[in-house]
Structure formats: C-alpha cells, structure tokens
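Given next are the chains, with one letter for each unit.
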Amino acid sequence: MRIDFRDLSFSYEQGHPVVNAVSMGVPSGQAVGLIGPNGSGKSTLLRLASGNLTPDRGSIELDGDAVAALRPRELARRLAMVEQQRTVGFDFTVREVVAMGRIPYTGRWMRETSQDREAIERAMRWAEVEDLSARSVRALSGGEGQRVFLAMALAQEPSILLLDEPTTFLDLRHQLGFLSIVRERMANGLTVLLAIHDLTLAAQTVDRIVMLRDGVIRMDGSPHGVLTRKNIRDVFGVNAAIGRHAETGMLYVLPAVGASS
Amino acid sequence: MRSWRSSTVFTEPTTSLVSSARRRTTWLFGILLVLTFGSVVVGVAVGPVAVPLRRILASLFGYEAGLSAIQEVIVWQLRLPRTLLGLLVGGGLAVSGAAMQGLFRNPLASPYVLGVASGASTGAALAILLAGGMAVLLPVGAFAGAALAVLVVYSLARPGGRRTSIFTLILAGVAVGSFFSAITSFLIFLSSGGEKLSDVLFWIMGGLGRADWAGLAILAPVILICIGAIFYFARDLNALALGEETAQHVGVNPETLYKGLLVLTTTLTAASVALAGTIGFIGLAIPHIMRLLLGPDHRRLIPASALAGGCFLVWSDLVARTAFAPAELPVGVITAFFGAPFFLYLLRSKGAKL
C-alpha cells in the first residue's frame, strides 16, 4: 500500500508552521527515512500520517483513500505507528499490550481467535519479546519497551508502518535486529516511513531519504544522493565525513567533533 | 495486503500462561458472585430484631415463610431495600472510580475528582435546611447539586468548545469542589446547630438509612445502565492506558471516549450519592484492590469492582448499624476505618504495584 502527502501544512501555533506545503509519496514496499534537525517536522509529519493530528491544509492518502475519511478502525488495519516514547498507565503485561494490536480486528466482547493468537505470537517472536511475555511493561528498560511496542504494531498486521526514532534506546544487536525485521517485512510488501537521527543506520536501512528543515523538504533521493557533505552542512550545520565501508560498500556518516560551522 | 500472514508458522504458544490467568479470574468472579448473594442474605438476616435465617431464605425466594407482620416489614421494607441500595451504591462508586482512574490514567483519581461530591453536598444541605420536612427533595437536591458542579467544571474547562485538556478538567474540578464546599460550610454555619445540622453532616458522611423501594426504583435503573455502559468502553480504556495517541493508532477515538465516559461516570456518581450521601474510600480503593488481584484489564476490573464495591458497602453498613446499636454510625466512617488498613496491607504484600 502506498502513502501520499499532498500539499500538507500544519502548525501548533498560528503563524509558526511546523510542516509547510509538504508533498511526497512512499510506494508500496519501500522504506523512506525522514531526517533533519530537531524541530524540522519529522515527528509532526508522522503524527499527521497516523491521524493523531489533523492537517491545516492538504491531505494524506493511503492507496488514494483520504486518511480523514477512513473510519478509525479501518485506518488502524492499514497503518500502525511506533512512537518515540510513552508512559503506560497501569501494569499491563507485555502480552496484554501486544494483544491490543488486535483491537482493530476483533469485536469488543470477542475472545482471541487462533488467528489473533498467531499474529500476537509471531509479532512477539519477531521483536524478540517472547521472554518478557508476563512482565509488566512498566518494569522494562527503554529498549525492551520499544521492542514491545514494535511487536504491538506488527500484531496489527499493517500495510504501512510509521516509526518515530525506533532505534533510540536499542543496543547494537537489537538495532540491527529491529532493522532486519523491518527489511524482511518490506520484502513482504510492508511500506515503511521512519524518522531517524542516526544517518548511518538510515543509509543502511531505507531506499530513500527525505531531508527536512523548518517543515520543508530540502532533499529527496537515494541515500547516496542525499547524504553528502554539503547537504549535511546545509541542513544540520555540521561538518561530516562520508565514507564507504571497505568490505560491504555501505555508506557511513561521521560527524566531525568540534567542526560545526 | 495480507501477503506476510503466511510467512511463518507459530510454534510456542503461551497458552499455559493465559489459561492460568483465566482460571484465577474465573475463581475470583465465582467467589465474588457467591459473596454478593451471601451479602444480601446476611444483610437481611442481621439486625436488632432476630429473624431465623431459614425463614428469611424462604421469604426471599417467594415461599410462605411464616414471618410475623413486623418481621415481614423489617425484612421487606427495611433491610432488603437497604441491602440492595448498598450493593448498587457500592458497586456504582467502585465502577465510577475504576473508570475515572482509567480515564485520567491516574491511580489517585476517585469518583469525586470533578466536584460531584461537593456539589451534591451543597444540594443536599440546601434541601435539608430549606425543606427539611420533605424527604423526596434530598436526593433531588443532591443530584441537582452534583449535576450543577459538573456542568460548571465542563464549561470552565473548555472555553469556546476547544478540546478538553484532562489537567484543566482536574484543576477545574478541584476549584469548583472547594467553592461548593465553602457554600456547604456557610450553610452549616447559618443553620446554627440543631437536628438539621446533624442531618446534613450525617448525609455528607454517608449512610444507607434512607433506602426505600421508591428511591431504588429510580436509582437502580440509572446505576445499572451506567455500569453497563461503562463496561462497554472497557477495552477502549485498556488502549487509553497506553496513551491517547497509541489508543488512536488501534482505532480508539479518545475524544469519544472522554465525552462518553465523563457523562457516564458523573451520572453514576451523582446517582450513587443521591440517597446514600458522599461515602468515601470505596471509589478510590476498591478498583485498586481489584487491580492488585486481577490485573489492570478493564474488562475484568469493571465487573469485579462492581461486585466487590457492592459487597464491601453492604458489610460496612452491617457494622455501621450494629456496632453501636441502636445508634447508627455513618457508613463512611466504617468504609475508611476497615478499608484503609486492608488496602495498606495489600499494598505492602503485593509490592506497591500501582
């Protein structure tokens, strides 16, 4: 399923647009990384796409259907989002939380069907949270919590996955694990839009990078095309070394300490 | 869209974990149901006038029980309506508390957090002091006062119909509550002592002494419908515990949830206190205790709170009317006096998992 932003604008306070006339699209099965400095509109763009915020102007479409016109349940079947951080109100267990990903599919009074159970357990295995099953989500570390909410989003069986800084709290192994899950799901048709600070990780994960600053798209293209010294200096105000891994050919970005311009 | 459904086969089901939790739930509900029925029987059986248990059971189940005329009145006109009011009010306050805590995602919320109790007290005080002779006016006044307080809170909290902030609501509730408390205190000051004053104070502390079938006929449907409707939102409250935004991601509209539940909980609270007064502690503690025993899932928490709150109030009332018989203690004294230590014990033994 593809997602399109058409001439999207949004401001929290009048006169200070956070997203300004953004138009872009993510084709089915592609992963696009949103990068840019703090306050550049990455998270706001994701929250507009997820229906948490309503745009002042413009529209978001999923395969041509306007998000604003979809029933909440229908939207939740097509699109899932993993937020940056959240506080959970009560001591729900990890499994109970992941199971909430099935809400869009089940009636209020229905018990879990075998299909629900499979989706829940598969998502928990993907996100490597099976061992945490009976733990309270409030007792977990930041990274474990992030994986639980990824599992919840995967249990939703979405066609589009939105991720807001998904790797912030993850250790190295789980960062790679996280991204390999995402890549594997993409191979099966999942469309991914993620906001990410780690440019090297972004370069390794996504098909395309959209560089934002002040709510406006500055660059849109392949990681190699977008992640250049000049672009990074222009948008982040930082000097960076760009290199390629000698064996894998992977691109990496090394911000130079003390060299901000 | 579903292309990846078949990509892996699931191997290790966590069913044993799920089924042990389910067994525990079944047990607890079984115990609560038996306890509820037992509470009705004991509530009717115990009192200054002894009535044999066998005859009470026969009478309750509609057989010819051979009760004397006085016993008949005591069982059917005094103790049974009183016990049923206890079940309804206790259940109503506990469910209202569970819903408020879920809605505000805060374990400190109680049914009275939006000023309902203060408004109801002012209404009740006015009814007693101005029209003391007319018993009908007391619940009407209390309900009207509660409704007025909540309406003021809502209108303050959303100027121009903008989106309601939960914090603004709570602050407005505290402010309006203080205002109405001031009015009530002023009314008490004006009353210059006497029997009416003790009536007002007794109502505020809460009691089931005003129970009758006429009152039950009005309150029971309101309380039961509100509890049922709140139960309808149980799963949405679960999702809300993960945050407004996450709730929205799984298709729950927080705005609808807030609007619906605020109306339901305040109506439920107002109906619960109308006859019985502002009984404390139940609305705060019973949902907690049930959460400690059953976990936070509102689909279990709400019905369990309804039953446990009802039982707890019936037993508290039993103590209130027998401990110093023929004098009657305000039941609010008992709910807090026995409930609080038990609650503290549970907190300690369960490791303060609020």
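All values reported here derive from a predicted model rather than from experimental measurement.

**A short note on the sheet that holds strand β2 (residues 17-26) of chain A**
Backbone hydrogen bonds are what pair the strands of a sheet, in a parallel or an antiparallel way. Residue and element names in this part refer to chain A. Spatially, the 4 strands line up as an open sheet ordered β2-β1-β4-β5, and their pairing is antiparallel. This sheet does not close on itself; its edge strands, each paired only once, are β2 and β5 (65-66). In this sheet, β5 lies alongside strand β4 (residues 57-62) in antiparallel orientation, the contact comprising 2 bridges. Bridge pairing in β5 places Leu-62 opposite Asp-65. Those strands touched by helix α1 (residues 42-49) are β1 (3-11), β2 and β4, and its axis lies near 65° from that of β2.

**A closer look at α1(A)**
Residues and elements named next belong to chain A. Of all 8 residues that make up α1, 7 are buried, and the element is covered over most of its length. Buried residues of α1: Lys-42, Thr-44, Leu-45, Leu-46, Arg-47, Leu-48 and Ala-49, and no others. Following α1 by one or two positions, Gly-51 has its phi on the positive side, about 90°.

**What to know about the packing of helix α4 (residues 116-130) of chain B against helix α11 (residues 254-276) of chain B**
All names here are of chain B. Direction vectors running N to C along α4 and α11 enclose 40°, while the axes themselves pass 10 Å from each other. Classified by the interaxial angle, the pair formed by α4 and α11 is oblique. The two elements α4 and α11 cross, and the hand of that crossing is right-handed. Between α4, through Val-116, Ala-117 and Ala-120, and α11, the contact on the second element is made entirely by Thr-266, Thr-269, Ala-270 and Val-273.

**Thoughts on the environment of Leu48(A)**
All names here are of chain A. Structurally, Leu-48 can be placed in helix α1. In this structure the C-alpha to C-alpha distance between Leu-48 and Ala-31, which are 17 residues apart in sequence, comes to 18 Å. Excluding its chain neighbours within four sequence positions, the residues that come into contact with Leu-48 are Leu-8, Phe-10, Val-19, Leu-53, Pro-55 and Ile-60.

**Some points on the confidence of the model for chain B**
Residue and element names in this part refer to chain B. Looking at chain B, pLDDT values average 85 and 90% of them are 70 or higher. Note that residues 1-15 has pLDDT below 50 and, in this model, 18 contacts with residues that lie over four places away or in other chains. Here the prediction assigns the complex a pTM of 0.89, and the interface score ipTM is 0.90.

**A few points about the interface of chain B and chain A**
Contact with chain B, which involves 30 residues of that partner, is made by 38 residues of chain A. Elements with a contribution of two residues or more to the side of chain B that touches chain A: α9 (234-240) and α10 (244-249) of chain B. It is α10(B) that contributes the most residues to the side of chain B that touches chain A, 4 residues altogether. Residue classes in the side of chain B that touches chain A are distributed as 12 nonpolar, 11 polar and 7 charged.

**Brief notes about α11(B)**
Helix length check: α11(B) (23 residues) gives 32 Å between terminal C-alpha atoms against 33 Å at 1.5 Å per residue, within 8%. Just past α11(B), the residue Gly277(B) takes up positive phi, approximately 85°.

**Focus: the packing of helix α13 (residues 298-322) of chain B against helix α14 (residues 331-349) of chain B**
All names here are of chain B. Where α13 contacts α14, the two axes come as close as 8 Å, and the packing angle between them is 110°. Taken together, the axes of α13 and α14 are roughly perpendicular relative to one another. The way α13 lies across α14 gives a crossing that is right-handed. Here α13 contributes Phe-312, Leu-313, Ser-316, Asp-317, Val-319 and Ala-320 to the contact with α14, which in turn contributes Val-331, Ile-334, Thr-335, Phe-338 and Gly-339. A per-class count over the contact of α13 with α14 returns 7 nonpolar, 3 polar and 1 charged.

**Focus on the pairing of strand β10 (residues 216-221) of chain A**
Residues and elements named next belong to chain A. Summarising the sheet, strand β9 (residues 208-213) and β10 pair through 5 bridges and their orientation is antiparallel. Across the sheet, the residue bridging to Ile-209 is Gly-221, located in β10. Taken together, β9 and the strand that follows it, β10, pair antiparallel across an intervening segment of 2 residues, in which Asp-214 is found at a positive phi of about 50°.

**Things to note about the pairing of strand β7 (residues 160-164) of chain A**
Residue and element names in this part refer to chain A. Counting buried positions over the 5 residues of β7 gives 5, a clear majority of the element. Taking every second residue as pointing to the same face, both faces of β7 are buried, with Ile-160, Leu-162 and Asp-164 on one and Leu-161 and Leu-163 on the other. Pairing of strand β6 (residues 79-82) with β7, which is carried by 4 bridges, proceeds in the parallel orientation. Pairing of Met-81 across the sheet is with Leu-162, part of β7. Two elements, β7 and strand β8 (residues 191-195), share 5 bridges in a ladder whose sense is parallel. Its bridge partner lying in β8, Leu-162 is registered against Leu-193. Of the crossover connections in this fold, the one passing from β7 over helix α6 (residues 172-187) to the parallel β8 is right-handed.

**Quick look at the sheet that holds β7(A)**
Residue and element names in this part refer to chain A. Read across the sheet, 6 strands follow the order β6-β7-β8-β3-β9-β10 without closing on themselves; strand pairing throughout is mixed. Two strands close off the open sheet at either side, each with one partner strand: β6 and β10. Adjacent strand axes in the sheet meet at a mean angle of 15° when their direction is disregarded. Where strand β3 (residues 31-35) meets β8, 4 bridges bridge the pair, whose relative direction is parallel. Note that in β8 the partner of Leu-34 across the bridge is Ala-195.

What counts and what doesn't
Residues numbered from 1 in each chain as written. Chains lettered and ligands numbered in written order. Predicted model: local features only at pLDDT ≥ 70, side-chain atom pairs only at ≥ 80, totals over all residues. Pairing = 2+ DSSP bridges. Helix = DSSP H or I, 4+ residues; strand = E, 2+ residues; numbered from the N terminus. Contact = placed C-beta atoms within 7 Å. Axes fitted to C-alpha atoms, helices over the stretch in contact; angles between N-to-C directions. Buried ≥ 20, exposed ≤ 12 C-beta atoms within 10 Å, placed from the backbone. Parallel < 35°, antiparallel > 145°, perpendicular 65-115°, else oblique. Left-handed = near helix turned anticlockwise from the far one by under 90°. pLDDT = per-residue confidence, 0-100. Nonpolar A, V, L, I, M, F, W, Y, C, P; charged D, E, K, R; others polar. Expected span 1.5 Å × (residues − 1). Right-handed = clockwise from strand over helix to strand, strands pointing away.

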